Amino acid sequence: MQEKSTRTPNVERRAQMRARLIAAARAVFVEKGYADAGTPEIVRVAEATRGALYHHFEDKQALFRAVVEAEAAEVTQAIETASGAVEATQALAAGSHAFFTTMAVAGRAQILLVDGPAVLGAAEMDRIDAGGGRQSLLLGLQAAHPERSGAEIKALAIVLSAAFDRAALEVAQTDAQAAVFEAVLTGMLNTALTPG
């Protein structure tokens, strides 16, 4: 009888290494900012080799993109989890609260709202957001107000998404309270969607 191997399969090892590199890069990017973060330090924190880094990522920018995408996915997941469990009109408030809660994670606002646009460009960050948090907001608005035109809801989602981002940045960089911004944005949302 042949003994079972206890070795981790290559695919799983590669996924684990990629995850370690992303986690290490996130820590270094948060501590130092993108410009001052070096790949030698990222490799050291990940307890990996430069070869492993460049096997998974073309360069520091590609690694940073992976960090940004992971952070954006966590925000989207938090919003979808919070808003999926309640009725459509309450989902917007639940999603708003989840957004501010998840954006309060140390370094997240810096990565997504400051370094992300500076490093990847506004168009790339818009692409990432359009398929994540903004898409969740758009779907929530459509579900809560099916009587509104698609163009109106899309425009409102874009404007509100920008307002949410700016508010999250203000909360992260100052002593501003997220609850104040949640109330203001909820008021804006209700006003914008009230039949005129």
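Everything in this summary refers to the structure shown in the same document. (Residues numbered from 1 in each chain as written. Predicted model: local features only at pLDDT ≥ 70, side-chain atom pairs only at ≥ 80, totals over all residues. Heavy atoms only, no water.)

For the structure on display, the rule yields 1 cavity of 30 Å³ or more. Quantified by volume, the largest cavity comes out at close to 40 Å³. At the level of elements, α5 (88–103) and α9 (150–173) are the ones that each hand at least two residues to the lining of the largest cavity. It is α9 that provides the largest number of residues to the lining of the largest cavity, a total of 3 residues. Partitioning the lining of the largest cavity into residue classes produces 6 nonpolar, no polar and no charged. (1 Å grid on protein atoms, 1.4 Å probe; cavity = no way out; pocket = protein on both sides within 12 Å on 5 of 7 lines; lining within 4 Å. Points joined across faces, edges and corners; volume = space filled by probe spheres on them. Helix = DSSP H or I, 4+ residues; strand = E, 2+ residues; numbered from the N terminus. Nonpolar A, V, L, I, M, F, W, Y, C, P; charged D, E, K, R; others polar.)

All right, on to helix α2 (residues 39–46) then. For α2, the complete set of buried residues consists of Thr39, Glu41, Ile42, Val43 and Ala46. On its buried side, α2 packs onto α1 (10–32), α3 (50–56) and α4 (60–84). Backbone geometry just downstream of α2 places glutamate 47 in the positive-phi region, at approximately 55°. (Buried < 20%, exposed > 50% of the residue type's maximum accessible area, 1.4 Å probe, protein only. Contact = heavy atoms within 4.5 Å.)

Where α4 meets helix α7 (residues 122–130), the axes come as close as 10 Å, and the angle between the chain directions of the two elements is 35°. Here α4 and α7 pass one another in a crossing that is right-handed. Note on element contacts: α7 touches α4 through Glu124, Met125, Arg127 and Ile128, opposite Arg65, Val68, Glu69 and Ala72. (Axes fitted to C-alpha atoms, helices over the stretch in contact; angles between N-to-C directions. Left-handed = near helix turned anticlockwise from the far one by under 90°.)

Our focus in this paragraph is the environment of valine 43. Residue placement: valine 43 occurs in helix α2. Owing to a relative accessible area of 7%, valine 43 belongs among the buried residues under this scheme. Along the primary structure valine 43 and aspartate 175 are separated by 132 residues, whereas in three dimensions their C-alpha atoms are 34 Å apart. Contacts of valine 43, omitting those with residues within four sequence positions, involve Ala48, Thr49, Arg50 and Leu53.

This part is about the side chain of arginine 26. Structurally, arginine 26 is set in helix α1. For arginine 26, a relative accessible area of 18% puts it in the buried group. Within the local environment of arginine 26, its side chain forms a polar contact with the side chain of glutamate 71, the two groups lying 2.7 Å apart. Aside from chain neighbours lying at most four places away, what touches arginine 26 is Val67, Glu71, Val105, Ala106, Gly107, Arg108 and Ile111. (Polar contact = N/O pair within 3.5 Å; in protein donor to acceptor, adjacent residues only side chain to side chain.)

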